[in-house]
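The lines below spell out each chain.
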Amino acid sequence: MRTPKRGMPKTMRIRLALRGSLALLALTDGAGLAAAQAPKPATLLNVSYDPTRELYEDFNQQFAAYWKGKIAGQDVTIRQSHGGSGKQARSVIDGLEADVVTLALAYDIDQIAEKARLLPATWQSRLPNNSSPYTSTIVLLVRKGNPKQIRDWGDLAKPGVSVVTPNPKTSGGARWNYLAAWAWALRQPGGNDAMAKQFVTRLYKGVPVLDAGARGATTTFVERGIGDVLIAWENEALLAIKELGPGKFEVVTPSMSILAEPPVAVVDKVANKRGTRAVAQAYLEYLYTEAGQETAARHFYRPRLAAVAAKYAAQFPKVTLVTVDEVFGGWKQAHETHFADGALFDQIYQPGR
Amino acid sequence: MSTVRRWVRHIVLVSGGVVAAPRLVAQQPGSSPDSVPPSLEARLDELDQQIRVLQRLRELAADSTAAAARDKVSATASAKDGFSIKSADGKHSLKLRGLIQTDARVFLSDGSAPVTNTFFIRRARPILDVTVGKYLEARLQPDFAQGTTTLFDAYADVKVTPGSAVRVGKFKPPVDLERLQSASDIVFAERALATNLAPNRDIGLQLSGNVSSGGVSWQVGVFNGVPDLGNGDGDVSDAKDFAGRVFVQPFKSGSLAGFGVGIAGTTGLERGTTGAPALGSYRTPGQQTWFRYASSTTTPANNVFADGRRSRLTPQAYFYRGPLGLHGEYIRSWQAVTRNGQATVKLKHTAWQTTGSVFLTGEKNSFRSAAPKRPFDPAAGTFGGLELAGRYSELSIDNATFPTYANPASTPNKAKAWAVGLNWYLARAIKVAVDYEHTTFTGGTATGDREAENFVVTRVQHSF
């Protein structure tokens with residue numbers, strides 16, 4: 001049985017210890033019976049956003065081994081579904097039976113709670129750190145040698161600079177990109193909403209292609225060779241350098257960016273109906289363990305656990321980060337002001353113009 | 001990236017781009033002799049980017065189109081499957097089919113017991129088939145013919161494994177071969193005398209499966225239990241009937257590939273009452289009742305009723321090869337009966353039938369309805385498919401039935417029938433049939449045999 005790790009939240013340590021004790025009890029109490037009755041295999045569906053494919057491929061194997069060997073002796077298979085975060089949330093609302101959702105922004109899970117009532121509105125308080133086991137931020141990926149000399153957000157709106165970013169209507173990552181640019185403009189001398197709108201409008205004029213999700217935008221920039229700069233999740237940019245083109249791309253960390261907190265939640269009604277509640281809950285809790293945090297860090301997500309964060313500190317450049325709450329008044333407000341139909345983004349970006 | 005760039009460079013160079021370049025530069029808006037024109041390299045890069053963007057936009061548009069196609073619900077109409085609506089992933093569907101049979105029925109030489117010659121709606125059935133995901137299928141089939149509404153099928157199949165399913169609801173119990181043939185597929189307008197001894201529809205639960213790649217099919221089920229020829233919507237006693245059938249098609253290829261043989265049976269207890277006797281009556285091919293157990297409206301206490309075990313056993317077989325088709329079966333039905341003041345007696349009735357047909361126009365014969373090779377289209381000189389058919393069948397009532405349980409002065413103890421028929425398949429959905437069936441009886445009147453039935457039916461069948 002795995003010893004609950006130091007550094008985990010206390011309540012979670014107690015929960016894992018209890019679960020381990022119960023499993024041990026089940027194994028020792030009537031051992032013959034227990035041996036004869038292997039638990040039925042379980043299947044989970046994790047509906048996630050675009051760039052988390054590699055993270056969860058790795059994490060799922062790790063969790064399955066942990067769950068089978070150390071706790072319950074049960075085989076668990078985790079299926080993954082990836083796409084633009086907003087699109088994924090709509091699929092769950094429309095009936096895709098996700099046991100857990102691991103999306104790009106809290107607003108998308110709020111929508112599942114509000115429109116489909118598959119989990120309570122208070123879902124974000126059920127796990128530590130607002131149910132965000134890891135964080136990330138938004139950086140700029142440029143081609144080797146940085147031919148357009150892009151150093152900060154301001155350079156993206158210069159004439160002749162072609163910017164690749166996905167569509168904020170469908171992609172959670174794109175919303176973070178948009179808000180990071182807006183927040184930077186607000187923080188410039190004399191910055192206000194009008195100036196920010198003007199800046200972001202100029203930036204989107206240089207966007208030749210709007211992909212539906214962050215992974216599609218990475219494909220556009222890295223594989224199709226379009227654009228001078230990709231606005232990207234930090235993890236996506238670092239992964240691109242590692243896997244797609246070492247020596248071909250460079251990460252530019254802007255002077256200021258936004259703290260992206262991708263949240264996770266058990267979809268109560270689905271998990272209860274499918275009898276996967278316990279394993280789904282453990283799956284998400286395992287993200288907060290030292291092992292889970294290590295996996296996140298290896299895939300370039302910023303870990304929450306201090307010990308792991310310290311270990312991987314060199315991997316993540318220091319950058320001033322603002323939050324959605326402090327600059328935009330929370331996701332609900334940000335959505336209504338910027339991304340709702342007819343809101344600022346629709347005014348800023350009009351295809352064909 | 002380099003491939004596209006090489007391609008662009010090639011086009012520009014080969015098509016005289018080097019010569020044209022100064023002109024392109026000269027055409028730059030706002031350019032002046034003093035301004036520095038973009039280099040050819042810069043122009044190529046710009047063109048290269050434009051091509052890449054166009055290619056990517058086309059790629060994304062194709063993705064969107066494919067995604068839209070995946071999400072698109074399809075609606076189709078065909079003679080074979082009726083009208084259907086199917087989800088984009090094909091997992092869910094709703095099919096609406098129908099069967100309408102309009103008859104002209106004529107009884108020849110019916111002087112002693114005249115039967116009205118009539119136009120007749122024999123069947124008018126909408127058929128609704130629903131598929132929900134991989135595991136659930138359901139059917140609803142009422143019949144509105146003859147001014148009444150009767151529920152014939154209302155069942156759901158849950159596929160347990162790829163080769164087995166559980167069926168619950170109202171449906172045909174797995175017994176009589178000709179009954180198991182769909183009403184739209186039977187060779188003659190009416191089924192043979194043997195069908196009288198088998199149940200029509202019953203409510204229950206059935207487990208079915210296929211083994212040996214479909215070479216062996218089997219069904220077992222538990223049902224309320226209905227009398228011979230019964231179509232039940234409830235039960236009159238607590239006891240239930242068990243039914244089972246095994247059918248083997250031993251040859252997967254070769255000249256005997258169309259051969260199948262099987263055996264089926266039912267058993268159960270049935271205890272009727274004088275008010276609800278739970279006993280069947282038997283009909284001629286012309287749908288006239290020729291056998292019924294003794295009953296009286298003036299002294300119902302003397303009515304015969306079921307009182308114990310009811311069993312059936314029916315070996316059956318078919319053979320189809322090319323345009324030829326042959327099927328037959330033997331049925332024995334045991335029924336314990338009693339009436340006021342009498343001991344319970346177990347009666348044994350037997351019947352058999354054999355039906356053969358040949359497509360004169362060469363269509364392939366089968367247990368299911370045929371589609372004409374050349375559908376009716378006089379303008380094209382094609383007139384559909386023709387099938388010639390013949391049949392013989394008998395049904396014998398146990399001698400112990402008379403005179404205690406049926407009146408020999410009004411009830412024959414045996415019926416024999418032979419029939420010939422011609423089926424004209426204008427299209428898969430439309431069939432016109434003309435049948436003549438001659439049925440003779442043994443006994444049935446105080447002085448001798450009941451008058452023979454000479455039944456002519458012309459049917460127009462529309463099934464879609």
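See the structure above.
All figures in this text were calculated on a predicted structure; none of them were measured in a lab.

**Points about the pairing of strand E20 (residues 453-463) of chain B**
Residues and elements named next belong to chain B. In the sheet, strand E3 (residues 92-108) pairs with E20 via 10 bridges, with the strands oriented antiparallel. Bridge pairing links aspartate 103 to arginine 459 in E20. Relative to E20, strand E19 (residues 430-443) is paired through 10 bridges, and the arrangement is antiparallel. The residue bridging histidine 438 from the neighbouring strand is asparagine 454, located in E20.

**Digging into the packing of helix H4 (residues 85-93) of chain A against helix H5 (residues 106-116) of chain A**
Residues and elements named next belong to chain A. For the pair H4 and H5, interaxial distance at closest approach is 9 Å and the crossing angle is 20°. One finds that H4 runs roughly parallel with respect to H5. Remark: the crossing between H4 and H5 carries right-handed chirality. For the pair formed by H4 and H5, the contact residues are Ser85, Gly86, Ala89, Val92 and Ile93 on the first element and Asp108, Gln111, Ile112, Lys115 and Ala116 on the second. In the contact of H4 with H5, the residues fall into 5 nonpolar, 3 polar and 2 charged.

**So, unusual backbone geometry**
Excluding glycine, most residues fall at negative phi; most peptide bonds, likewise, are trans. Omega for the bond connecting Phe402(B) with Pro403(B) falls within 30 degrees of zero, at 0°, which places this linkage in the cis form. Structurally, the position occupied by Pro403(B) is in the loop between strand E17 (385-396) and strand E18 (412-427). One non-glycine residue, Asn129(A), adopts positive backbone phi at about 55°. According to the relative accessible area criterion, Asn129(A) is partly exposed, its value standing at 38%.

**Overview of H5(A)**
Turn by turn, an α-helix covers 3.6 residues, leaving residues three or four places apart pointing in a common direction. Every buried residue belonging to H5(A) is among Ala106(A), Tyr107(A), Asp108(A), Ile109(A), Gln111(A), Ile112(A) and Ala113(A), and all of these are buried. Backbone geometry just downstream of H5(A) places Arg117(A) in the positive-phi region, at approximately 50°.

**A look at the nonpolar core**
Ranked by size, the top nonpolar core spans 92 residues in total, and within it Phe63(A), Val101(A), Trp153(A), Trp176(A), Tyr178(A), Tyr204(A) and Trp331(A) carry the most contacts. Considering each element in turn, this core owes the most residues, 9 residues, to helix H7 (residues 172-186) of chain A. Excluding anything up to four places from it in sequence, Trp176(A) contacts Ala104(A), Leu105(A), Ile138(A), Trp233(A), Ile258(A), Leu259(A), Ala260(A), Glu261(A), Val324(A) and Trp331(A). Residues Leu279(B), Phe291(B), Leu395(B) and Ala406(B) belong to the second largest nonpolar core, which totals 26 residues.

**Digging into the interface of chain B and chain A**
Each partner contributes to the interface: chain B provides 8 residues, whereas chain A provides 11 residues. Around 760 Å² of area is buried between chain B and chain A when both sides are counted, 52% of it from carbon and sulfur atoms. The largest share of the area that chain B buries against chain A comes from Gln49(B), Val53(B) and Arg56(B), three residues that together contribute 53% of it. In this assembly, chain B and chain A are joined by 2 salt bridges. Linking Arg56(B) and Asp211(A) is a salt bridge whose minimum nitrogen-to-oxygen distance equals 2.8 Å. Linking chain B with chain A are 7 residue pairs in polar contact (both at pLDDT 80 or more), by the criterion used here. The class makeup of the residues in the side of chain B that touches chain A is 4 nonpolar, 1 polar and 3 charged.

**Regarding the pairing of E3(B)**
All names here are of chain B. The sheet contact formed by strand E2 (residues 82-86) and E3 spans 4 bridges and is antiparallel. In the sheet register, lysine 86 faces E3, and the bridge partner there is serine 93. Between the end of E2 and the start of E3, which pair antiparallel, lie 5 residues, with glycine 90 showing a positive phi angle near 75°. As judged from the 14 bridges shared by E3 and strand E4 (residues 118-132), these two strands associate in the antiparallel manner. Counted as the bridge partner of glycine 98 is proline 126 from E4.

**Quick word on a nonpolar patch on the surface**
Residue and element names in this part refer to chain B. On the surface, Val132, Tyr135, Leu136 and Val158 cluster together into a nonpolar patch covering about 330 Å² of accessible area. Within the secondary structure, leucine 136 sits in strand E5 (residues 136-143). Given the relative accessible area of 34%, leucine 136 is considered partly exposed.

**Some remarks on H7(A)**
Spanning 15 residues, H7(A) covers 21 Å between terminal C-alpha atoms, matching the ideal 21 Å at 1.5 Å per step. The backbone nitrogen of Gly173(A) lies 3.3 Å from a side-chain oxygen of the residue at the head of H7(A), namely Ser171(A).

Analysis parameters
- Residue indices follow the written sequence of each chain, beginning from 1 at its first position.
- Note on labels: chains are lettered from A, ligands numbered from 1, in written order.
- This being a predicted model, a pLDDT of at least 70 is required before a residue's local features are given, and a value of 80 or more before pairs of side-chain atoms are given or counted; all residues contribute to the totals for chains, interfaces and linings.
- Only hydrogens and water are set aside; all other atoms, that is, all heavy atoms of the structure, feed into the side-chain values.
- Between any two strands, at least two bridges found by DSSP are needed for them to pair.
- For the purposes of this entry, the term helix denotes a DSSP run of H or I that reaches at least four residues, the term strand denotes a run of E that reaches at least two, and both are numbered from the N terminus.
- To get an axis, a line is fitted to the C-alpha atoms, and for a helix only the part in contact is used. The angle between two axes follows their N-to-C directions and goes from 0 to 180 degrees.
- Angular relationships are summarised with four words: roughly parallel below 35 degrees, roughly antiparallel beyond 145, roughly perpendicular across 65 to 115, and oblique for the angles in between.
- Should the near helix be turned anticlockwise from the far one by less than a right angle, the crossing is left-handed, and should it be turned clockwise, the crossing is right-handed.
- Residues are treated as being in contact if the distance between any of their heavy atoms lies within 4.5 Å.
- Classification used: nonpolar for Ala, Val, Leu, Ile, Met, Phe, Trp, Tyr, Cys and Pro, charged for Asp, Glu, Lys and Arg, polar for all others including Gly.
- Only protein chains enter the accessibility calculation, which uses a 1.4 Å probe. A residue is then buried if its area is under 20% of the maximum for its type, exposed if over 50%, and partly exposed in between.
- Here, nonpolar core means buried Ala, Val, Leu, Ile, Met, Phe, Trp, Tyr and Cys residues that are tied together by side-chain atoms lying within 4.5 Å of each other.
- Two parts lose some accessible area (1.4 Å probe) when they are put together, and adding that loss for both gives the buried area.
- Take a side-chain nitrogen of Lys or Arg and a carboxyl oxygen of Asp or Glu: if they are within 4 Å of each other, that pair is a salt bridge.
- Polar contacts, as counted here, are pairs of nitrogen or oxygen atoms within 3.5 Å of one another; within protein the pair requires one atom able to donate a hydrogen and one able to accept it, and residues that are adjacent in sequence qualify only if both atoms are side-chain atoms.
- Here, patches come from residues exposed beyond 30% relative accessible area and free of salt bridges, joined within 9 Å for like charges and within 5 Å for nonpolar side chains (Val, Leu, Ile, Met, Phe, Trp, Tyr).
- With residues, only the protein chains shown are counted as cover, and all accessible areas are computed by Shrake-Rupley using a 1.4 Å probe.
- Between the first and last residue of a helix there are one fewer steps than residues, each counted as 1.5 Å, and that sum is the expected span.

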